[in-house]
Amino acid sequence: MHTTPVEGLSAESGSKEPMNILVVGSDERDGAIEAGDAEGRRSDSMVLVHINGDSTEVTGVQIPRDTMVPAPSCAAYDDAGYTGDVQVNSLLNDGESCLVSAVSSMTGLPIHHFVDMNFHGFMSMVDALDGIDICLPEALKDPDANLDLPAGCQKVRGEDALALARTRHAVGDGSDLARMEHQQDVISAILHKAEESSILSHPKKFYSFASSLTSSVTVDDGLKSTSSMTSLARRFKGVSEDDFTVQQLPTEPYLYDYNRVQLSDEGKQMLDKLGSDESLR
């Protein structure tokens, strides 16, 4: 497992304090699949994971990749003197610290840890769980995402799970917001399988599972040791599947480009609740 120093991370939370982890699915290619030829390194998906102070509830907030945010205070923008808005998914290419700084400023929440999983890591995670179970009301096909799944309930392995999470053209209007519902289904299926396998409730299993993804996952320095990973696993021990929720961050069209979005008042209210460690259920 790769580690990286990330500026802007807050100090480690105590066991009775809320914890926020920025989990990024990056579009970094390592030859595992045909996934397009995008240049640079971008966040293909982004979830802010909030563990409440009592470690009894975990809330995942999906941040749309098309969200516009003020340019963060980091070298890439400070050196250029740029102070306008930037698309949040582009910031990973400027460094993890830039992305962490922007998300923390936008949400008003401290970020305690950072996890970046590339395409191969995502597929490896699903395969390490022996696949996930999903039910599709209709067949889905999207050549751009290598997706071709029949209707009905079925077990999918890593490559198909990735295609389902990434597809734009097989759902809704082809926008990032439209595909996030399928991403929620995939995340829920992963959590269900992880609980069924007792990975989240057994620190040794959790660390062994995480270690199996060594070549495809980058974490901040605060998660590089066995003890820190075990401590994190303990935070999940008392959380049942029903206490895991994933919600999309409410947004509205961006003022200067309606193909982009920005944080809405409803989104600010959601984040204020998390900041006060209130449940969103």
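Residues numbered from 1 in each chain as written. Predicted model: local features only at pLDDT ≥ 70, side-chain atom pairs only at ≥ 80, totals over all residues. Heavy atoms only, no water.

1. Let's talk about the overall build of the chain
Phase 1 of the analysis: When helices and strands are tallied, the chain shows eight helices and 15 strands.
Phase 2 of the analysis: Counting only residues that meet the buried cut, the chain has 51% of its 281 residues in that class.
Phase 3 of the analysis: Within the chain, residue pairs in contact and separated by at least 24 positions form 64% of the contacts whose partners lie at least 6 positions apart. (Helix = DSSP H or I, 4+ residues; strand = E, 2+ residues; numbered from the N terminus. Buried < 20%, exposed > 50% of the residue type's maximum accessible area, 1.4 Å probe, protein only. Contact = heavy atoms within 4.5 Å.)

2. Structural notes on the side chain of Thr67
Phase 1 of the analysis: Structurally, the position occupied by Thr67 is in the loop between strand E4 (58–62) and strand E5 (68–70).
Phase 2 of the analysis: The exposure class of Thr67 is buried, given its relative accessible area of 1%.
Phase 3 of the analysis: At a separation of 2.7 Å, a polar atom in the side chain of Thr67 contacts the main-chain carbonyl oxygen of Pro64.
Phase 4 of the analysis: Sequence-distant contacts of Thr67, defined by excluding residues within four places in its chain, comprise Val86, Gln87, Val88, Met106, Thr251, Val261 and Gln262. (Polar contact = N/O pair within 3.5 Å; in protein donor to acceptor, adjacent residues only side chain to side chain.)

3. Quick notes on helix H3 (residues 119–128)
Phase 1 of the analysis: Phe119, Gly121, Phe122, Met123, Met125 and Val126 are the residues of H3 that are buried.
Phase 2 of the analysis: At the N-terminal end of H3, a side-chain oxygen is found 3.1 Å from the backbone nitrogen of His120, two or three residues along, and the residue is Asn118.
Phase 3 of the analysis: Positive phi shows up at Asp130, right after H3, with a value of about 65°.

4. A word on the pattern of salt bridges
Phase 1 of the analysis: Per the stated rule, a full pass over the model turns up seven salt bridges.
Phase 2 of the analysis: For Asp44, the salt bridge identified is with Arg166, shortest N-O distance 3.2 Å. Of this pair, Asp44 sits in strand E3 (residues 43–51) while Arg166 sits in helix H4 (residues 158–166), placing them 122 residues apart in sequence.
Phase 3 of the analysis: In this structure Asp44 comes out as buried when scored by relative accessible area, which is 5%.
Phase 4 of the analysis: Put simply, Lys155 and Asp130 hold a salt bridge, and the shortest N to O gap is 3.4 Å. Of the two residues, Lys155 sits in strand E11 (residues 152–156) while Asp130 sits in the loop between H3 and strand E8 (132–136), which places them 25 residues apart along the sequence.
Phase 5 of the analysis: When salt bridges that share partners are traced, they join Asp127, Asp130, Lys155 and Arg157 into one network. (Salt bridge = Lys/Arg side-chain N within 4 Å of Asp/Glu carboxyl O.)

5. Let's talk about the sheet that holds E4
Adjacent strands of a sheet form backbone hydrogen bonds with each other and so pair up, either parallel or antiparallel.
Phase 1 of the analysis: The strand order E1-E12-E7-E2-E3-E4-E13 describes an open sheet built from seven strands, whose pairing is mixed. Since the sheet does not close on itself, it has two edges, and those belong to strand E1 (2–4) and strand E13 (244–248), each with one partner. When the angles between neighbouring strand axes are averaged without regard to direction, this sheet yields 20°.
Phase 2 of the analysis: Bridge analysis of E3 against E4 gives five bridges, and the strand direction is antiparallel. Bridge pairing in E4 links Ile51 to Val58.
Phase 3 of the analysis: Most of the contacts of helix H2 (residues 96–107) go to strand E2 (residues 19–26), to which it runs at about 125°, and overall it touches E1, E2, E3, strand E7 (113–117) and strand E12 (217–220).
Phase 4 of the analysis: Sheet contacts for H3: E2, E3 and E7; angle to E7, the most-contacted strand, approximately 90°. (Pairing = 2+ DSSP bridges. Axes fitted to C-alpha atoms, helices over the stretch in contact; angles between N-to-C directions.)

6. Overview of the packing of aromatic side chains
Phase 1 of the analysis: For the coordinates displayed, the defined rule picks out three aromatic pairs.
Phase 2 of the analysis: Between Tyr77 and Tyr82, the ring centres sit 6.0 Å apart and the planes meet at 45°, which makes this aromatic pair tilted.
Phase 3 of the analysis: Seen from their ring centres, Phe236 and Phe244 are 6.0 Å apart, and the 5° between their planes marks the pair as stacked. Each member of the pair Phe236 and Phe244 is classed as buried. (Phe/Tyr/Trp six-rings, centres within 6.5 Å; stacked < 30°, edge-to-face > 60°.)

7. With respect to the packing of H3 against H4
Phase 1 of the analysis: For the pair H3 and H4, the least separation of the axes is 8 Å and the interaxial angle reads 125°. The angle between H3 and H4 places the two elements in the oblique class. Crossing angle aside, the handedness with which H3 passes H4 is right-handed. Residues Phe119, Phe122, Met123, Val126 and Asp127 of H3 pack against Gly158, Glu159, Ala161, Leu162 and Arg166 of H4.
Phase 2 of the analysis: Residue classes in the contact of H3 with H4 are distributed as six nonpolar, one polar and three charged. (Parallel < 35°, antiparallel > 145°, perpendicular 65-115°, else oblique. Left-handed = near helix turned anticlockwise from the far one by under 90°. Nonpolar A, V, L, I, M, F, W, Y, C, P; charged D, E, K, R; others polar.)

8. Considerations on the environment of Thr230
Phase 1 of the analysis: Tracing the sequence through the fold places Thr230 in helix H7 (residues 226–236).
Phase 2 of the analysis: Relative accessible area serves as the criterion here: at 16%, Thr230 is assigned to the buried category.
Phase 3 of the analysis: Counting along the chain gives 28 residues from Thr230 to His202, while the straight-line C-alpha distance between them is 8.7 Å.

9. A word on the pairing of E4
Phase 1 of the analysis: Burial analysis of E4 places five of its five residues in the buried class, which makes it a mostly covered element.
Phase 2 of the analysis: Of the two faces of E4, the one holding Val58, Gly60 and Gln62 and the one holding Thr59 and Val61 are both buried throughout.
Phase 3 of the analysis: Counting the residues that bridge the hairpin from E3 to E4 gives six residues, and of these Ser55 lies at a positive phi of roughly 55°.
Phase 4 of the analysis: For E4 and E13, the ladder comprises five bridges, and the chain directions are parallel. Bridge pairing in E13 places Thr59 opposite Thr245.

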